[in-house]
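# Descriptive analysis of the structure
So the chains spell out like this:
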Amino acid sequence: MTNLELQLTWEKILKNIQQSLAEHVCQNYIKPLKPIKLTNDRLELLAPNDYSKDRVKSRYLPFLKDSCYEVTQNHVEITISIAQEEQNDDDTQKELMNQQLKQIKQRNRRTRTKKKANDLIQPTLTEAIQYDTAETPMPINPGDKSTLNPKYTFDTFVTGNSNSFAHAAALAVAENPAKNYNPFFMYGGVGLGKTHLMHAIGHKILQNQPQKRVLYISSEKFINELINSIKDGKPEAFRQKYRNVDVLLVDDIQFLANKERVQEEFFHTFNALKDANKQIILSSDRPPKEIEKLQDRLCSRFEGGLIADVQAPDLETRIAILKKKSILENYNVPDDVMAYIASHIDNNVRELEGALTQVVARASLCHYPITNQFAMNVLQHIAIKNPPKQNTKIININSIQETVANYFKITIADLNGKKRNRSIAFPRQIAMYLCRELTSSSLPRIGKTFGGRDHTTVMHACDKIKKQYMENTEIAKTINKLREQINHA
Ligand SMILES: Nc1ncnc2c1ncn2[C@@H]1O[C@H](COP(=O)(O)OP(=O)(O)OP(=O)(O)O)[C@@H](O)[C@H]1O
């Protein structure tokens, strides 16, 4: 089982257990558990501490087992251990943070007042330690692509009205670094492709000039390295690294807001690179003027080059992005499903791609065909912020039974009854299959509604109808018609 599959299955288990346990129990004891491994007979979980572990073991294990069975159809043993390392990591980080804070305070006492040192360094240090305490500046070699994501190139970037200017500007910078547009500053909302374009510029420059030193870095990492270089008493290593590159790309520069000491250092790095005719590329979630407490001298430097904004893509572009992603990832997703997803997630490409991945992963995990209805079910769980805009009918086991019974001119009592002749058994199996496909009901729940049948009967019906759906066009047509009626009746 891949990590993604494990996460998806765990999500389902969580969803299922919410029906049986109080919300505060789920929130406090079940959700903090982390799935490590799931096999046919074993689920390994990590609890955040001893207390949680004991509580879950003594009170909630049967619920976890039941939910696991409902989702996987396997009876599993559940083992819970404590996230020891994370605990240790936390302690170590706190300890390290205190040490670093102490050292920096001591050093600063020599040159600044104690109050100023605290004001300037403390927020930076605390923030840096949240990310990584082990960042130390390593110089970048000519032609080194290791800081670039190979997937983020101009070839894989889809253009539309929302990003055509940023794309054209990025391409111009990549073709002629440090000529006309220096710095190049991109801004826009979350998940709209700024990072992608930055990496694309890096790749293009290295493609044209393989000996260039190109460094992409998030501002968090930049801050970490700066803190560590101060802590280790090696500010030169930091300067060497950043001032010797040909192209410096710093992502999410808005995180420099409020961090005086980091801004100071970045100001000198910026000047050194600009003076040496090196290209600087920056991204932010807002224009320079709107970055809080950004020194005026930095703000005016950021505004001194080319600024491009990236907007949320329109529907056509969103569909094109999903098509591109499907080709790149080898997904087989019908056009109408991509259009459906694109019409429901409209302001974040990362979420858009995430939705596509979820639909594909869940379909493959549950062996369902990818249909609009299936996508709708998945999106209901993940697109809470962007609820489906069109009127969507409530579909449940009863409404499916009603449609199927009408279609085959039998009664709901027949579907739930004991008769096993083909004129009843076949519609019953189709109805079970559609319940599995169009609702999030578990096999046991479907079996129970269909006259108290066992979950294995439902499983058998679903497998059988699915096979026939693939092999027999008449049956496929019937099922498609029924789906249509269930969705629009
Ligand atoms: N126009 C596009 N064409 C193809 N993929 C895109 C496009 N825009 C965004 N993406 C994809 O969407 C995801 C998020 O994009 P990216 O990380 O570049 O966003 P961002 O603007 O940097 O967001 P953040 O502000 O959160 O860092 C990436 O996987 C990226 O490849």
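Residues numbered from 1 in each chain as written. Predicted model: local features only at pLDDT ≥ 70, side-chain atom pairs only at ≥ 80, totals over all residues. Heavy atoms only, no water.

## Observations regarding the nonpolar core
Core analysis: the biggest nonpolar cluster contains 51 residues, and Phe-184, Ile-201, Ile-281 and Ile-341 have the highest contact counts within it. Per-element tally for this core: the top contributor is helix α14 (residues 349-366), with eight residues. No fewer than three residues from each of domain 2 (154-309) and domain 3 (315-385) sit in this core. Contacts of Phe-184, omitting those with residues within four sequence positions, involve Ala-166, Ala-169, Ala-170, Val-173, Ile-201, Gln-279, Ile-280, Ile-281, Leu-282, Leu-306 and Ala-308. (Core = buried A, V, L, I, M, F, W, Y, C linked by side-chain atoms within 4.5 Å. Buried < 20%, exposed > 50% of the residue type's maximum accessible area, 1.4 Å probe, protein only. Helix = DSSP H or I, 4+ residues; strand = E, 2+ residues; numbered from the N terminus. Domains from an automatic or database assignment. Contact = heavy atoms within 4.5 Å.)

## Digging into helix α3 (residues 50-72)
Its 23 residues give α3 an end-to-end C-alpha distance of only 28 Å, which falls more than 12% under 33 Å, the value for a rise of 1.5 Å per residue. Taking the largest bend as the criterion, α3 deviates by roughly 75°, centred on Tyr-60, and proline Pro-62 comes between one and four positions later. Among all positions in α3, only Ser-52, Lys-53, Val-56, Tyr-60, Leu-61, Leu-64, Ser-67, Cys-68, Tyr-69, Glu-70 and Thr-72 are buried. Two residues or fewer past α3, Gln-73 is found with a positive phi of approximately 65°. (Expected span 1.5 Å × (residues − 1). Bend = angle between axes of the 7 residues up to and from the residue.)

## Quick notes on the pattern of salt bridges
Think of it this way: side chains of opposite charge can pair up when their charged atoms draw near. Evaluated as defined, the whole model comprises 17 salt bridges. Taking the shortest distance from any N to any O, the salt bridge between Lys-151 and Glu-329 comes out at 3.5 Å. Of the two residues, Lys-151 sits in the loop between α5 (114-131) and α6 (164-175) while Glu-329 sits in helix α12 (residues 315-329), which places them 178 residues apart along the sequence. A relative accessible area of 54% places Lys-151 in the exposed class. Between Glu-329 and Lys-325 there is a salt bridge, and its shortest N-O distance comes to 3.9 Å. One end of the pair is Glu-329 and the other is Lys-325, both in helix α12 and four residues apart, which spans about a single turn. Using a relative accessible area of 16% as the deciding quantity, one classes Lys-325 as buried. Overlapping salt bridges, with partners in common, bring together Glu-236, Arg-239, Arg-243, Arg-261 and Glu-265 in one network. (Salt bridge = Lys/Arg side-chain N within 4 Å of Asp/Glu carboxyl O.)

## Considerations on the sheet that holds strand β7 (residues 279-284)
Strands sit in the order β5-β6-β7-β4-β8 across an open sheet of five strands; the sheet is parallel. Unpaired on one side and paired on the other, β5 (214-218) and β8 (306-310) mark the two borders of the sheet. This sheet shows a mean twist of 15° between the axes of neighbouring strands, independent of strand direction. Relative to β7, strand β4 (residues 184-188) is paired through four bridges, and the arrangement is parallel. Bridging from a neighbouring strand, Phe-185 pairs with Leu-282 of β7. On the sheet, α6 packs against β4, β7 and β8 and is oriented at approximately 140° with respect to β8. (Pairing = 2+ DSSP bridges. Axes fitted to C-alpha atoms, helices over the stretch in contact; angles between N-to-C directions.)

## A short note on the site of the ligand
By nearness alone, 18 residues border the ligand, and Val-158, Gly-191, Lys-194, Thr-195 and His-196 come closest of all. In this structure, Tyr-152 approaches the ligand through a side-chain N or O atom, which is 3.3 Å from an oxygen atom. Backbone polar atom of Val-158 to a nitrogen atom of the ligand: 2.7 Å apart, as the coordinates give it. Taken by itself the ligand offers 630 Å² of open surface, and the protein chains cover 90% of this. Going through the elements one at a time, α7 (194-208) and α14 are the ones with two or more residues in the shell around the ligand. Taken together, the residues of the shell around the ligand break down into seven nonpolar, seven polar and four charged. (Near = heavy atom within 4 Å. Polar contact = N/O pair within 3.5 Å; in protein donor to acceptor, adjacent residues only side chain to side chain. Areas by Shrake-Rupley, 256 points an atom, 1.4 Å probe, with all protein chains shown as cover. Nonpolar A, V, L, I, M, F, W, Y, C, P; charged D, E, K, R; others polar.)

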